[in-house]
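Here is what each chain is made of, one letter per residue.
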2 protein chains.
Amino acid sequence: MSISWGILGAGKIAKKFAEDFKVVDNGKITAVASRSQDRSNKFADEFKIPEAYSSYEEMVKNPDIDVVYVATPHNFHLEHASLCLNNGKSVLCEKPVTVNSAEFELLQNLAKEKNLFFMEALWTYYLPAILQAMDWIKKGKIGDVKQVQVSFGYTGDMDKKMRLANPDLAGGALLDIGIYGIAIAELVFDEELEEIQSMAHFSDTGIDDYNSIQLKYKSGGMAQISSSFVSELKNEAVIYGTKGRIEIPQFWMAKKAFLITTDEKLEFINKMPQMGYNHEAFAVNELLKQGAIESSVVPLVKSKRILSIMDQVREQIGLKYPFEK
Amino acid sequence: MSISWGILGAGKIAKKFAEDFKVVDNGKITAVASRSQDRSNKFADEFKIPEAYSSYEEMVKNPDIDVVYVATPHNFHLEHASLCLNNGKSVLCEKPVTVNSAEFELLQNLAKEKNLFFMEALWTYYLPAILQAMDWIKKGKIGDVKQVQVSFGYTGDMDKKMRLANPDLAGGALLDIGIYGIAIAELVFDEELEEIQSMAHFSDTGIDDYNSIQLKYKSGGMAQISSSFVSELKNEAVIYGTKGRIEIPQFWMAKKAFLITTDEKLEFINKMPQMGYNHEAFAVNELLKQGAIESSVVPLVKSKRILSIMDQVREQIGLKYPFEK
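Fair warning: this is a prediction, and the values are worked out from it, not measured in the lab.

1. A closer look at the overall build of chain A
Okay, so step 1: Looking only at helices and strands, chain A has 9 helices and 14 strands in total.
Okay, so step 2: Since a compact globule built from 325 residues should have a radius of gyration of about 20 Å, the 19 Å found for chain A is in line with a globular shape.
Okay, so step 3: Counting only C-alpha atoms and orienting by the principal axes, one finds that chain A spans roughly 55 × 45 × 35 Å.
Okay, so step 4: Expressed as a percentage of the 325 residues in chain A, the buried residues total 62%.
Okay, so step 5: Sequence-distant contacts, at least 24 apart, represent 68% of the contacts inside chain A between residues at least 6 apart.
Okay, so step 6: Element-wise, carbon and sulfur atoms account for 49% of the exposed surface of chain A, whose accessible area totals about 12400 Å².

Set out below in structure tokens:
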């Protein structure tokens, strides 16, 4: 059994995914769909995909497709993932899986009702460097984890025409890149939250162009997360324990992880040229072959928690999208 | 005119100060006072200081002393700095200058009444690497400064007998090392605050053994500060602007500063072997020679602001010292 994929959306992220999929040998991409036939054709040509649709609705009716990678902007995820699920397709949905946790609940219920595989494309959780970092933590190499400090920021085009600056497309640093820092905190601490504190600056277009978030977990773990579209940040996650620390440069697409304690210095380097989307795609194929409807690495409960944190941050900073009003 | 110093207290910080003072050529240390004559003698011997007192009261009555460096634990600063001022001595007082801003107001008023020089020993503000960083900022090298991320932490002895873990001696990470991160934010942004958010973990002895603080300034600047006595942190300050960043390793005793922008990479390295207390001591001597009663680099208004931030953080995290109740 080879898993057959459809890609819904033919933008930047879809391209990166298809590029990395070239090394995924336990499944294949059968189709791509874009609202524009031209764009769809070009995408199919570039990645040697047999079928190119100009309609999402048509693609999801293709009985040969097992799972759809939803790669449209976040505010369309609910609509597009629902379309897939309602047509009997499993779904790997780009992050954030939905704009808020209320939307997520609808999708989660639908997936359960249809008994279909559903997962957020939180590819970070599948990266070998991240898995190595988590393994060091589990082995007690840095003692008890106490604090996490994360930064992720780059100078983006803040013109309203751009998705990231457009509130109508659920733009802003929190939903687009802040989620990665929150996801790292949630991976490391994986327990109930005691407190969320946040502050943000708003762009002229009405989205958070940079923000600062800190989280406190019940057992005392704390995370500080800085996100920005106006500054190039260090783009590093540092996990501090009582016996040492782990540094993960470019943590959201981690290729490296460094363990630094008084006793030892270890480094993990993944030399594969791929960005890293291949790891999650490979995992999804395996899960589908096993008949799973959920991933234990990116479980739905984790996606829901991350969305709920982002809901609360947005409530605190006063970020409501026009389509939510 | 050579400025003549008395050192009040003969502990660790007093030693570091006296050690660095060896290269300060515009003043001299005339006396040291400790509650123990033995300790005082040893200190005087080690640093070739002419007079060794076993009484603070006696030392401050010595007419040959112009200025006293108050180097006792913070909870004694009010008492000891008052003693100096009341005896006509100028004061350089170790940081935090007092435990809270109410105490500070008493000292500030006393210094003004006596028309005497009074300054918090915020030596960081005088370090050449910090001055270089501020100069880069002023020259617009990193564009508009938007965010600051700071960490300062080391694994300390959290036994109650130790000052840092002892609430009776105003222990805790905030007052002892958190102040350095706040001071950097206050140096960089130097404007009105809009919001302070903080969270802390408490040790068995009732002090904050680690904490996370974030600040938001009126014009949108944000700072995230992590402090810890239970983890060795990266101990770095990173200042992010729209055009690049400045990294300052070991920022509270900075010897280096790195400028990183798309156009240029610059590094500043101070190769002097001293810790860096010499810079503030030299500056105080010059100020006293000029008849100044305040430093424009560490003005009293800045010390008061930093204390007021720490007051608010303590209010938020619920840290009250026994002697404050």
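Next comes the rest of the description.
2. Digging into unusual backbone geometry
Okay, so step 1: Put simply, A:Lys95 and A:Pro96 share a cis peptide bond, and its omega is -10°.
Okay, so step 2: Tracing the sequence through the fold places A:Pro96 in the loop between β5 (90-93) and α5 (101-114).
Okay, so step 3: Positive phi values are uncommon outside glycine, yet B:Ala170 reaches one of about 55°.
Okay, so step 4: The topology assignment puts B:Ala170 in the loop between β7 (145-153) and α7 (173-189).
Okay, so step 5: Note on B:Ala170: relative accessible area 0%, which makes it buried.

3. A few points about the side chain of B:Ser34
Okay, so step 1: In this structure, B:Ser34 sits in the loop between β2 (27-33) and α2 (37-47).
Okay, so step 2: Within polar-contact distance, the side chain of B:Ser34 engages the backbone nitrogen of B:Ser36 at 3.1 Å.

4. What about the packing of aromatic side chains?
Residue and element names in this part refer to chain B.
Okay, so step 1: One pass over the structure, following the stated rule, counts 30 aromatic pairs over all chains.
Okay, so step 2: Measuring from centroid to centroid gives 5.6 Å for tyrosine 321 and phenylalanine 323, while their planes differ by 10°, and the two rings are stacked.
Okay, so step 3: By relative accessible area, which is 36% here, phenylalanine 323 ends up partly exposed.

5. Concerning the pairing of strand β11 (residues 236-241) of chain B
Residues and elements named next belong to chain B.
Okay, so step 1: Counted residue by residue, β11 has 6 buried out of 6 residues, so it is predominantly covered.
Okay, so step 2: Burial along β11 is two-sided: the residues Glu236, Val238 and Tyr240 and Ala237, Ile239 and Gly241 are all buried.
Okay, so step 3: In this sheet, β11 lies alongside β7 in antiparallel orientation, the contact comprising 5 bridges. For glutamine 149, the partnering residue across the bridge sits in β11 and is valine 238.
Okay, so step 4: Hairpin connection from β11 to strand β12 (residues 244-249): 2 residues lie between these consecutive antiparallel strands.

6. Thoughts on the domain arrangement of chain A
Residue and element names in this part refer to chain A.
Okay, so step 1: Domains assigned within chain A are domain 1 (3-122) and domain 2 (128-269 + 305-324).
Okay, so step 2: Relative placement of domain 1 and domain 2: their C-alpha centres are 26 Å apart.
Okay, so step 3: Taken together, the contact between domain 1 and domain 2 spans 14 residues of the former and 18 residues of the latter.
Okay, so step 4: Interface area, domain 1 with domain 2, both sides summed: about 1200 Å², of which 66% is carbon and sulfur.
Okay, so step 5: The largest share of the area that domain 1 buries against domain 2 comes from His74, Lys95 and Val99, three residues that together contribute 39% of it.
Okay, so step 6: Counting across the interface, domain 1 meets domain 2 through 7 residue pairs in polar contact (both at pLDDT 80 or more).

7. What about the pattern of salt bridges?
When the charged atoms of two side chains lie near each other, side chains of opposite charge can form a pair.
All names here are of chain A.
Okay, so step 1: Evaluated as defined, the whole model comprises 36 salt bridges over all chains.
Okay, so step 2: Between glutamate 186 and lysine 302 there is a salt bridge; the shortest N-O distance is 3.1 Å. In this pair, glutamate 186 is assigned in helix α7 (residues 173-189) and lysine 302 in helix α9 (residues 300-317), connecting sequence segments 116 residues apart. Here glutamate 186 and lysine 302 have matching classes, each one buried.
Okay, so step 3: When the shortest N-O distance is used, the salt bridge between arginine 245 and glutamate 247 registers 2.7 Å.
Okay, so step 4: Since its relative accessible area comes to 15%, arginine 245 is described here as buried.

8. What about α7(A)?
Given 3.6 residues per helical turn, the α-helix brings residues three or four places apart onto the same face.
Residues and elements named next belong to chain A.
Okay, so step 1: Under the 1.5 Å per step criterion, the end-to-end length of α7 is 23 Å for 17 residues, consistent within 8% with the ideal 24 Å.
Okay, so step 2: Of all the bends in α7, the greatest measures close to 45° and is centred on isoleucine 179.
Okay, so step 3: Of all the 17 residues making up α7, 17 are buried; the element is thus mostly covered by neighbouring parts of the structure.
Okay, so step 4: Aspartate 190, located one to two residues past α7, shows a positive phi value of around 45°.

9. A few points about the pairing of strand β14 (residues 265-269) of chain A
All names here are of chain A.
Okay, so step 1: Direction of pairing for strand β13 (residues 256-261) relative to β14: antiparallel, over a ladder of 5 bridges. When the sheet's bridge partners are listed, leucine 259 is paired in β14 with leucine 266.
Okay, so step 2: Between the end of β13 and the start of β14, which pair antiparallel, lie 3 residues.

10. Looking at the relation of the copies chain A and chain B
Okay, so step 1: Once turned by 180° and shifted 0.0 Å along the axis, chain A lies on chain B with an RMSD of 0.0 Å. Accordingly, the operation relating the two chain copies is best matched by a two-fold axis.
Okay, so step 2: A share of 100% of interface residues in chain A that are also interface residues in chain B marks the association as one of identical surfaces.

11. Focus on the interface of chain A and chain B
Okay, so step 1: With 39 residues of chain A at the interface, the matching set in chain B holds 39 residues.
Okay, so step 2: Approximately 3200 Å² of surface area, both sides summed, lies buried where chain A meets chain B, with 50% of it carried by carbon and sulfur atoms.
Okay, so step 3: Taken together, chain A and chain B are joined by 4 salt bridges.
Okay, so step 4: In this structure, A:Lys234 and B:Glu236 form a salt bridge, with 3.0 Å as the shortest nitrogen-oxygen distance.
Okay, so step 5: Summed over the shared surface of chain A and chain B, the number is 30 residue pairs in polar contact (both at pLDDT 80 or more).
Okay, so step 6: The biggest single contributor to the side of chain A that touches chain B is strand β9 (residues 208-217) of chain A, with 7 residues.
Okay, so step 7: By residue class, the composition of the side of chain A that touches chain B is 12 nonpolar, 19 polar and 8 charged.

12. What to know about the sheet that holds strand β14 (residues 265-269) of chain B
All names here are of chain B.
Okay, so step 1: Taken in spatial order, the 8 strands line up as β8-β9-β10-β7-β11-β12-β13-β14 in an open sheet, and their pairing is mixed. The strands lining the two open edges of the sheet, one partner per strand, are β8 (193-202) and β14. Within the sheet, the average angular offset between the axes of one strand and its neighbour, ignoring direction, is 10°.
Okay, so step 2: As defined by bridge partners, β12 adjoins strand β13 (residues 256-261) across 4 bridges and the pair is classed as antiparallel. Following the sheet pairing, isoleucine 246 is matched in β13 by leucine 259.
Okay, so step 3: Most of the contacts of helix α6 (residues 128-138) go to β14, to which it runs at about 150°, and overall it touches β7, β11, β12, β13 and β14.

13. Topic: the sheet that holds β14(A)
All names here are of chain A.
Okay, so step 1: The mixed open sheet is built from 8 strands, whose spatial order is β8-β9-β10-β7-β11-β12-β13-β14. The open sheet terminates on both sides in strands that have one partner only, identified here as β8 (193-202) and β14. Between one strand axis and the next, the sheet turns through 10° on average, direction left out of account.
Okay, so step 2: Here 5 bridges tie strand β11 (residues 236-241) to strand β12 (residues 244-249), and the two strands are oriented antiparallel to one another. Across the sheet, residue alanine 237 finds its bridge partner in β12, namely isoleucine 248.

How each quantity is defined
Residues numbered from 1 in each chain as written. Chains lettered and ligands numbered in written order. Predicted model: local features only at pLDDT ≥ 70, side-chain atom pairs only at ≥ 80, totals over all residues. Heavy atoms only, no water. Helix = DSSP H or I, 4+ residues; strand = E, 2+ residues; numbered from the N terminus. Rg over C-alpha atoms; globule rule 2.2 N^0.38 Å. Buried < 20%, exposed > 50% of the residue type's maximum accessible area, 1.4 Å probe, protein only. Contact = heavy atoms within 4.5 Å. Areas by Shrake-Rupley, 256 points an atom, 1.4 Å probe, with all protein chains shown as cover. Polar contact = N/O pair within 3.5 Å; in protein donor to acceptor, adjacent residues only side chain to side chain. Phe/Tyr/Trp six-rings, centres within 6.5 Å; stacked < 30°, edge-to-face > 60°. Pairing = 2+ DSSP bridges. Domains from an automatic or database assignment. Buried area = accessible area lost by both parts, 1.4 Å probe. Salt bridge = Lys/Arg side-chain N within 4 Å of Asp/Glu carboxyl O. Expected span 1.5 Å × (residues − 1). Bend = angle between axes of the 7 residues up to and from the residue. Least-squares fit on C-alpha atoms with pLDDT ≥ 70 in both. Nonpolar A, V, L, I, M, F, W, Y, C, P; charged D, E, K, R; others polar. Axes fitted to C-alpha atoms, helices over the stretch in contact; angles between N-to-C directions.

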